[in-house]
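Summary of structural features
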Amino acid sequence: MKRGRSLLTGSVQYLKGVGPRRAERLERLEIRTGRELLYHVPHRYEDATTVDPIAGLKPGDDATVIGRVVSKGVLQTRSRLRVFHAVIRDETGMIECAWPGRPWLERTIRKGDLLLVSGPVRFYHGRQLQPREHTMLARPDDSTDQGAADGGNGAGGGRVFPVYPATEGLTHRQIRTIVDANLEALLAELDEADPFPAAWLRELALPPLRTALSSLHQPRVMAEVEPARRRLAFEELFYLQLLHARARAKLRLETQGISFRAAPELTEPFLKALPFKLTGAQKRCWAEIREDMEKSTPMNRLLQGDVGSGKTVVAALAMLKAAEAGFQAALMAPTELLAEQHHRSLCELLDPIAMEPQLLTGSIVGKKRAEVLSSLAAGSGRLAVGTHALIQEAVEFQSLGLAVIDEQHRFGVEQRRLMREGGGGVDALVMSATPIPRSLALALYGDLDISVIDELPPGRRPIITGVRGESKREAAFEFLREQLSEGRQGYVVYPLIDESEVLEARGATAMRDELARRYPEFQVGLLHGRLAASEKESIMRGFLSGQIHLLVATTVIEVGIDVPNASVMLIEDADRFGLAQLHQLRGRVGRGADQSYCVAFYRGDSPPERLQVFSSTTDGFVLAEEDLRLRGQGDMFGREQHGVPALRFAELDRDRQLLEDARRRAREIVAEDPDLARPRNRRLGRELTELYGGREELYRVG
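Residue indices follow the written sequence of each chain, beginning from 1 at its first position. Totals for whole chains, interfaces and linings use every residue, but because this is a predicted model, local features are given only for residues with pLDDT of at least 70 and side-chain atom pairs only at 80 or more, for both listing and counting. As a convention, hydrogens and water are excluded, and side-chain values are obtained from all of the structure's heavy atoms.

Examining the packing of helix α15 (residues 473-485) against helix α16 (residues 508-518)
- Contact pair α15 / α16: the axes reach a minimum separation of 12 Å and the direction vectors enclose 60°. Judged on the interaxial angle alone, α16 and α15 are oblique. With respect to the hand of their crossing, α15 and α16 are arranged in right-handed fashion. Along the contact surface, α15 presents Arg473, Glu474, Phe477, Glu478 and Arg481, while α16 presents Met511, Leu515 and Arg518.
- Basically, the charged four are Asp, Glu, Lys and Arg, the nonpolar ten are Ala, Val, Leu, Ile, Met, Phe, Trp, Tyr, Cys and Pro, and anything else, Gly included, counts as polar. Each residue belonging to the contact of α15 with α16 can be placed in one class, and the counts come to three nonpolar, no polar and five charged. In this description, a line fitted to the C-alpha atoms serves as the axis of each element, helices being fitted only across the stretch in contact, and the angle between N-to-C directions of two axes falls anywhere from 0 to 180 degrees. Numbering of helices and strands starts at the N terminus; helices are DSSP runs of H or I of at least 4 residues and strands are runs of E of at least 2. Angles below 35 degrees are treated as roughly parallel, those above 145 as roughly antiparallel, those between 65 and 115 as roughly perpendicular, and all remaining angles as oblique. A clockwise turn of the near helix away from the far one marks a right-handed crossing, whereas an anticlockwise turn of less than a right angle marks a left-handed crossing. Two residues qualify as a contact provided that any one of their heavy atoms is within 4.5 Å of a heavy atom in the partner residue.

Here it is in structure tokens:
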């Protein structure tokens, strides 16, 4: 290696034991530099600090042993089951290991290999260990692998063996060898001063960065691993929250906001005219929004609430507050049908105070469109509802003060940026009907302040939910016929458009034809994601009008319009959906006065845990927390339009307090030093740039 080249920032190919070919393989794991290798931490560990000596094993034990393979082979039982056998030896004795039905291990396990195996010990023609799992620790030719040098027979020397994410042509064992050969030199290049103050580390009980990385790659005991993981988790969460805090601060510093201070000449009469009282949660959210709107900095707030929680009423109050201060307000929805639905709802709510919002979608053309555009430009159109048509070049607002954006995750960042830029320093209120846990909300929407309507209006009938096996399908479809015969409508939802033998799942297309034959007296429609937008629109209009009685669909209806007459939903192969998705689907019924029902079908002998949870509550926030616990954050975090990368070290269901601490500390730093220009904060700024590059600009749109 050339003198002076940085191991941390230079190409990984120049590290010991790598070279060009292995560097190409490491790149598949997104490891291009020494620093990236340092942060490629193990995904699990084999604890050899408490290895059982082979000589002491007896039937009934659950054991972990390390030994060398002294012989191996494949045997066939009388039932023709092929079993891979290997005899392994440590310095105390030998034992046979058997892997029923896994003859291919003959090709991967060699004589002389050092194995760690765990599993029950049974008596079968002598002692036999049947491994639940096994790990290759070393091969005879691995001269640089520490595991190969542990005492000849390989008792393990009390070591914890890291197991790394690997790739084709590069095993976890080879990656461990590379890390072991370079770890000391890579750690030596890290800045001696930790990027976080010592006081923070003490308060949070976290080790310094060097110690954490050393413990993750070469832990002496397993107890060192979790504090080290938490250290990297905090670092990851802190820089993400610093990104959010900087975006929030820049928006406020660089954009002149509007202080909507005016007599409540619209909001007060509106509240008095409502035929119901606001819930406590609605009142709390309205107070938070009202306080934000009266400040001179732009509001950037997420209003989160379950289906039917009353977000539209709170949004209407915000729009009226803008109007009574002399400004215009616009609500933008992702589809024409949703825009029309919002328009209808607002017209009903605002009728007692004689206000009618303008509607602007792509379908409104000619004279009507010209009239709407003229009123918005003149300012006489104080309230507007529409689709992305609201942000087209031809649309001019005289004084847009508030942008309400429905279902943020259906919009791209660029569309939201255009909506904000259209009115300069407009306040932004983002509405979402998808309940997500607070920890996930802070990670995804950390630059927004968050208001949550976590209470449903009193008197709402809960949707009766059942979970049924295959034997109950026929009865459920007969119940559906009864509901349709009484003049109601229903949905049948499938996970796939076309059937799949591989996945053993029914498809919407074939089942639509089958259901049309089953219910010849009813009109059966089909809706899925491969249809053209105009076809989807036509089908949904037919269902809304009642011309279509039964809608067979995929999850394209997850976020859809309200059809008050729809009272039944059957979800086929429901075990293929996440909890949050099931809850969103269920929310398509129960929008009218009739009792509504949802039946989720599963395959197999008993329902999965998440379906049992689904039937036990209709609280979307409870289900969202359970979804995070059951599925993990990977599936729930894949929202690229947020510009947020998936977390590698933090686990949101375990690290909630770390996230809260990271958010508070990041906001405190940015409040004192928005540009991170002070000497103690410059390194944080450099790290932020290195980690996120050009992402920061995306966050300024809200």
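Additional details are given in the paragraphs that follow.
Structural notes on the sheet that holds strand β20 (residues 566-571)
- With parallel pairing, the six strands of this open sheet are ordered in space as β16-β21-β20-β17-β19-β18. The sheet terminates laterally at β16 (464-468) and β18 (524-527), the two strands that pair on one side only. Across this sheet, the average inter-strand angle for adjacent strands is 15°, counted without regard to direction.
- When DSSP finds at least two bridges between two strands, those strands are taken to pair. Sheet topology places β18 next to strand β19 (residues 550-553); four bridges connect them, and they run parallel. Residue Val524 lies in a different strand from β19, and its bridge partner there is Leu550.
- α15 rests against β17 (489-493), β19, β20 and β21 (597-601) of the sheet, and its axis sits at about 160° to β20.

A few points about the sheet that holds strand β14 (residues 427-432)
- The seven strands are arranged β11-β12-β10-β13-β14-β9-β15 in an open sheet whose pairing can be described as parallel. This sheet does not close on itself; its edge strands, each paired only once, are β11 (358-360) and β15 (449-453). The mean angle between the axes of side-by-side strands here comes to 20°, regardless of whether they run parallel or antiparallel.
- Judged from the five bridges that link them, strand β9 (residues 300-305) and β15 form a sheet pairing that is parallel. Across the sheet, Arg301 pairs through a bridge with Asp449, a residue of β15.
- The strands touched by helix α12 (residues 366-378) are β10 (328-332), β11 and β12 (383-386); relative to β11, the strand with the most contacts, the crossing angle is about 120°.

Points about the nonpolar core
- The definition of a nonpolar core used throughout is a set of buried Ala, Val, Leu, Ile, Met, Phe, Trp, Tyr and Cys residues joined through side-chain atoms within 4.5 Å. Only protein chains enter the calculation, and the probe is 1.4 Å; a residue is then buried if its accessible area is under 20% of its type maximum, exposed if over 50%, and partly exposed in between. Within the largest apolar cluster, 74 residues are counted, with the highest numbers of intra-cluster contacts made by Phe270, Leu402, Tyr491, Leu551, Ile557 and Met569.
- No other element matches helix α10 (residues 311-324), which puts 10 residues into this core.

Overview of the confidence of the model for the chain
- The predictor's confidence in any single residue is recorded as pLDDT, a number from 0 to 100. Put simply, the chain has an average pLDDT of 86, and 90% of its residues get 70 or more.
- Summarising per-element confidence for the chain, the mean pLDDT is lowest in helix α24 (residues 696-699) (50) and highest in α10 (97).
- A low-confidence stretch, residues 143-157 (pLDDT under 50), is modelled with 39 contacts involving residues beyond four sequence positions or located in other chains.

Observations regarding the packing of aromatic side chains
- Whether two aromatic rings pair depends on their centres lying within 6.5 Å, for rings of Phe, Tyr and Trp, where Trp uses its six-membered ring; planes under 30 degrees apart make the pair stacked, over 60 edge-to-face, and the rest tilted. Taken as a whole and judged by the stated rule, the model has 14 aromatic pairs.
- Taken together through their ring pairs, the aromatic side chains of Phe196, Trp200, Phe234, Phe238 and Tyr239 make up a single cluster.
- The residue whose ring lies beneath Arg473 is Phe601, and the NZ or CZ to ring-centre distance is 5.9 Å.
- Whether a charge sits over a ring comes down to the Lys NZ or Arg CZ being within 6 Å of the ring centre and within 35 degrees of the ring normal. Positioned above the aromatic ring of Trp200, the side-chain terminus of Arg665 is 5.2 Å from the ring centre.

Examining unusual backbone geometry
- Look at Ala354: it is not a glycine, yet its phi comes out positive at around 55°.
- Assignment of secondary structure puts Ala354 in the loop between α11 (336-350) and β11.
- The phi dihedral of Asp573 falls on the positive side, at around 50°, and the residue is not glycine.
- Positionally, Asp573 belongs in the loop between β20 and α18 (579-586).

Focus: the pattern of salt bridges
- Salt bridge criterion: a side-chain nitrogen from Lys or Arg within 4 Å of a carboxyl oxygen from Asp or Glu. Summed over all chains, the structure comprises 44 salt bridges.
- Here Glu687 ties to Arg35 by a salt bridge, and the two come within 3.0 Å at their closest N and O atoms. Of the two residues, Glu687 sits in helix α23 (residues 679-692) while Arg35 sits in helix α2 (residues 34-38), which places them 652 residues apart along the sequence. By the burial criterion, Glu687 is buried, and Arg35 matches it.
- A salt bridge links Arg683 to Asp191; the shortest N-O distance between them is 3.4 Å. Here Arg683, found in helix α23, pairs with Asp191, found in the loop between α4 (172-189) and α5 (198-204); they are 492 residues apart in sequence, far enough to count as distant.
- Arg683 sits in the buried class, given a relative accessible area of 15%.

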